[in-house]
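Survey of secondary and tertiary structure
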Amino acid sequence: MTDVQLVELTVNGERHELAIPPRRTLADVLRHDLGLTGTHVGCEHGICGACTVLVDDAPARACLLFAVQVENATIRTVESLSGPDGGLSDLQQCFGEHHGLQCGFCTPGFLMLAEGYLAEAPDASREEIREVVASNLCRCTGYQTIVDAVEDCAGRRRAALQSALDSAPQSAPQSAQSAQSAPQSALDGASA
């Protein structure tokens, strides 16, 4: 009889209880047990990056991890990028606008790699982005359009954050607020 282990995985915000062999890879669990086929399997040796997902917000190769290893982690697949209405995320839109994909096989891995990296380094330079995306393999695009897409998304996110900060209501200076709210007896004691 085959050994089976009960594991609980949190994938894209949902808890799943699974009875799986202990040596079943995360990639196989995502694709075959949970039906999340956006995680592609290419080399199955951790080289190509097609199976890249986020594990606790860090990019990881799903083909190199056993599902039991990530039981207490938060896992995100490419399916998590779409909005509540099913629309494309800003990163996915940038990939489309910059033609950062051709056949599309490697695209989910690049999207998750970029999503994790931009969360960690929102001010990444073009050279840093180029170095990061070089860790995944693409046989079609030549990488230039992928770098363009990630750089554009990073710039848009920074601009949106700056716009939100600029439009946030300004609070009154702290000294004026505290003087207005301080009880009179505290003010009398302070002047003595």
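Since this is a predicted model, take the numbers as computed values, not measurements.

1. Looking at helix α5 (residues 144-167)
The terminal C-alpha atoms of α5, which comprises 24 residues, lie 35 Å apart, in line with the 34 Å expected from a rise of 1.5 Å per residue. Buried within α5 are the following residues: I146, V147, A149, V150, C153 and A154.

2. Notes on the packing of helix α2 (residues 90-97) against α5
In contact at an axis separation of 8 Å, α2 and α5 are set at 135° when each is read in the N-to-C sense. It follows that α2 is oblique to α5 by the angle criterion. Considering only the axes of α2 and α5, their crossing is right-handed. Taking contact as the criterion, the partners of D90, L91, C94, F95 and E97 in α2 are, on α5, I146, A149, V150, D152, C153, R156 and R157. Across the contact of α2 with α5, the residue classes tally to seven nonpolar, no polar and five charged.

3. Here's the deal with the nonpolar core
Core analysis: the largest hydrophobic core is formed by 24 residues, its most contacted members being F95, F110, I129, I146 and V150. Counting only elements with at least two residues in this core, the list comes to α2, α3 (107-120), α4 (126-133) and α5. Leave out the neighbours within four places in its chain, and V150 touches F95, A114, L118 and I129. The next biggest cluster of nonpolar side chains, apart from the first, holds 22 residues, and it includes V7, V53, V70 and A73.

4. Structural notes on the pattern of salt bridges
Scanning the entire structure with this criterion turns up eleven salt bridges. Here E115 and R157 are joined by a salt bridge, their closest N and O atoms 2.9 Å apart. Remark: R157 occurs in helix α5 and E115 occurs in helix α3; sequence separation between them is 42 residues. Taking relative accessible area as the criterion, E115 reaches 13% and is therefore assigned buried. Here R157 falls in the partly exposed class, since its relative accessible area comes to 26%. A single salt-bridge network, built from bridges that share partners, covers R76, D90, E115 and R157.

5. Brief notes about the pairing of strand β2 (residues 14-20)
Pairing of strand β1 (residues 5-11) with β2 involves seven bridges; the strand directions are antiparallel. Note on β2: the bridge partner recorded for V11 is E14. Linking β1 back to β2 in an antiparallel pair, the connection comprises two residues, with N12 at a positive phi of about 55°.

Rules of the game
- The residue numbers shown here count from 1 along each chain, following its written sequence.
- In view of the model being predicted, local features appear only for residues whose pLDDT reaches at least 70, and side-chain atom pairs are presented and counted only at 80 or more, with totals across whole chains, interfaces and linings using the full set of residues.
- Side-chain descriptors were evaluated using all non-hydrogen atoms of the structure, hydrogens and water having been removed beforehand.
- A run of H or I in DSSP becomes a helix once it reaches four residues, and a run of E becomes a strand once it reaches two; helices and strands are each numbered from the N terminus.
- Working rule for helices: expected span equals 1.5 Å times residues minus one.
- For every residue, the accessible area (1.4 Å probe, protein chains only) is compared with the maximum for its type, and the residue is labelled buried under 20%, exposed over 50%, or partly exposed between those bounds.
- Note on geometry: axes are C-alpha line fits, over the in-contact stretch for helices, and angles between N-to-C directions span 0 to 180 degrees.
- Small angles under 35 degrees read as roughly parallel and large ones over 145 as roughly antiparallel, with 65 to 115 read as roughly perpendicular and the rest as oblique.
- Crossing handedness: left-handed means the near helix sits turned counterclockwise from the far one by under a right angle, and right-handed means the same turn made clockwise.
- Two residues form a contact once any of their heavy atoms are found within 4.5 Å.
- Only Asp, Glu, Lys and Arg are considered charged, only Ala, Val, Leu, Ile, Met, Phe, Trp, Tyr, Cys and Pro nonpolar, and every remaining residue, Gly among them, polar.
- Remark: nonpolar core denotes a set of buried residues (Ala, Val, Leu, Ile, Met, Phe, Trp, Tyr, Cys) joined through side-chain atoms within 4.5 Å.
- Here, a salt bridge means any Lys or Arg side-chain nitrogen found within 4 Å of an Asp or Glu carboxyl oxygen.
- Two strands qualify as a pair provided DSSP detects at least 2 bridges between them.

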